[in-house]
Structure formats: structure tokens, C-alpha cells
Amino acid sequence: MTVDSIVKKHGNDREHLLSILHDIQSGSPDHSLHREAIEELSCLLDVPISDIVGTASFYTMFSLKPRGRHIIRLCESPPCYIAGEENILAALERKLGVVLGGTTADGLFTLEATSCLGACGVAPVMMVDDEVYGHLTEAKAVAIVERIAAAQG
Ligand code: FES
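As the structure is a computational prediction, the values presented were derived from the model and not from experiment.

## Let's talk about the pattern of salt bridges
What the rule picks out here adds up to 8 salt bridges. Measuring nitrogen to oxygen at the nearest pair gives 3.8 Å for the salt bridge that ties Arg94 to Glu138. Highlighted residues: Arg94 in helix H6 (residues 85-96) and Glu138 in helix H7 (residues 138-151), separated in sequence by 44 residues. Exposure remark for Arg94: the relative accessible area of 59% places this residue in the exposed category.

## Side note on the packing of helix H2 (residues 17-26) against helix H3 (residues 35-45)
As a packed pair, H2 and H3 sit with axes 12 Å apart at the nearest point and diverge in direction by 150 degrees. For the pair H2 and H3, the crossing hand works out as right-handed. Facing Leu17, Ile20, Leu21 and Ile24 of H2, the residues of H3 in contact are Ala37, Leu41 and Leu45. Of the residues assigned to the contact of H2 with H3, the class counts are 7 nonpolar, no polar and no charged.

## Comments concerning the pairing of strand E1 (residues 70-75)
Among the 6 residues of E1, 6 are classified as buried, and the element is accordingly described as predominantly covered. Side chains of E1 alternate between two faces, with His70, Ile72 and Leu74 and Ile71, Arg73 and Cys75 buried alike. As paired strands, E1 and strand E2 (residues 109-114) are joined by 6 bridges and run parallel to one another. Across the sheet, residue Arg73 finds its bridge partner in E2, namely Glu112. When E1 meets strand E3 (residues 126-128), the two strands line up antiparallel, connected through 3 bridges. Considered in E3, the bridge of Leu74 is made with Met126.

What counts and what doesn't
- Each chain carries its own residue numbering, running from 1 in the written order of its sequence.
- Where totals are concerned, whole chains, interfaces and linings use all residues; where local detail is concerned, this predicted model gives features only for residues with pLDDT of at least 70, and gives and counts side-chain atom pairs only at 80 or more.
- To obtain the side-chain values, all non-hydrogen atoms of the structure were included, while hydrogens and water were left out.
- Definition used for salt bridges: Asp or Glu carboxyl oxygen within 4 Å of a side-chain nitrogen of Lys or Arg.
- Strands here mean DSSP runs of E at least two residues long; helices mean DSSP runs of H or I at least four residues long; both are numbered from the N terminus.
- Buried residues are those whose accessible area, probed at 1.4 Å on protein chains only, stays under 20% of the maximum for their type, while exposed residues exceed 50% and partly exposed ones sit between those limits.
- The axes used here are C-alpha line fits, helices contributing only the stretch in contact, and every angle between their N-to-C directions lies in the interval 0 to 180 degrees.
- It is the rotation of the near helix from the far one that decides the hand of a crossing: anticlockwise by less than a right angle makes it left-handed, clockwise makes it right-handed.
- Any pair of residues with heavy atoms lying within 4.5 Å of one another is described as a contacting pair.
- All amino acids are sorted into three groups, where Ala, Val, Leu, Ile, Met, Phe, Trp, Tyr, Cys and Pro are nonpolar, Asp, Glu, Lys and Arg are charged, and the leftover types, Gly among them, are polar.
- Pairing between strands is defined by DSSP: at least two bridges between the two strands are required.

Any functional reading would require information beyond the geometric quantities listed.
Written out as C-alpha cells, the structure reads:
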């Protein structure tokens with residue numbers, strides 16, 4: 001979908017900015033908000049670019065830089081941290097060959113941290129794209145990543 005059609009779908013009102021940004025990013029092949037799209041949106045909504053960038057920067061679900069095909073979000077809020085998040089992060093960094101915030105050389109994964117995903121009862125938790133995985137261990141987290149990578153063919 002074009003930026004124009006996304007704005008038409010939601011209505012060209014500032015109050016719909018988050019939904020519009022979500023749809024723009026979802027349609028982006030590298031899961032990010034491109035400068036050109038933000039500029040076009042700024043004109044369509046009559047909202048300053050700095051306002052849109054500020055909003056996009058505030059929410060961890062948005063990215064202003066290119067990301068991998070799959071986004072891994074590891075929860076680092078206290079319940080997950082206490083349950084061993086640090087060890088899982090280290091295992092994922094080793095497996096992927098990136099540090100937190102990085103994208104693998106093949107462009108397949110981006111590893112990010114997030115605050116609570118609302119699944120504290122099964123901590124530690126990570127989300128890959130739209131799927132939530134709980135009761136993680138280092139081995140389980142690595143196996144999930146390997147399974148997704150293998151499914152790419
Ligand atoms: S603290 Fe990690 S899901 Fe809530």
C-alpha cells in the first residue's frame with residue numbers, strides 16, 4: 001500500500017498517526033520507516049516531520065533504520081530479567097553474531113530489547129514477529145531462531 005492509500009484508509013488526522021505508522025512500517029520490506037514515507041506523511045497530515053520522527057522514536061515498535069526480515073524482541077523488564085533474560089540474550093547474540101540492536105549479515109534477523117510483553121507469567125519471554133515465546137531457556141531460544149531460519153529455505 002502507498003502512504004497515500006494508508007492515510008485514506010485511516011483518515012488524515014493526527015490522532016491516527018500510530019496506526020498509520022504501523023501500516024507503513026508493516027508494508028516496508030525492511031520493517032522500518034523510510035525518510036521519504038515520513039516526508040510524504042508530513043504533507044498529507046500537515047504534521048511537522050520532527051513530530052512524526054519524535055513519535056516514531058518514542059515507541060520501540062517503530063524503527064527509523066532498516067531491520068531484518070524477522071524481528072526478535074527480547075523482554076528485559078524485571079520479571080523476565082530475573083528469570084534469566086541476560087543469559088538468553090547472550091545465547092542469541094552468540095547464535096546470530098550480532099549485539100543487541102544489530103541485524104544479521106544475511107538480513108534475516110534483527111535482535112531488539114523490549115519492555116514487558118504482557119506475558120510475565122511465562123517469563124522469560126521473547127517475541128519473534130507476531131509470535132510470543134515463553135518459558136525460554138538458552139537452548140529453546142536458539143532452537144526457535146534455527147527453526148525460523150530453516151523455514152526460509
Ligand atoms: S516482564 Fe517480560 S513479559 Fe512481562
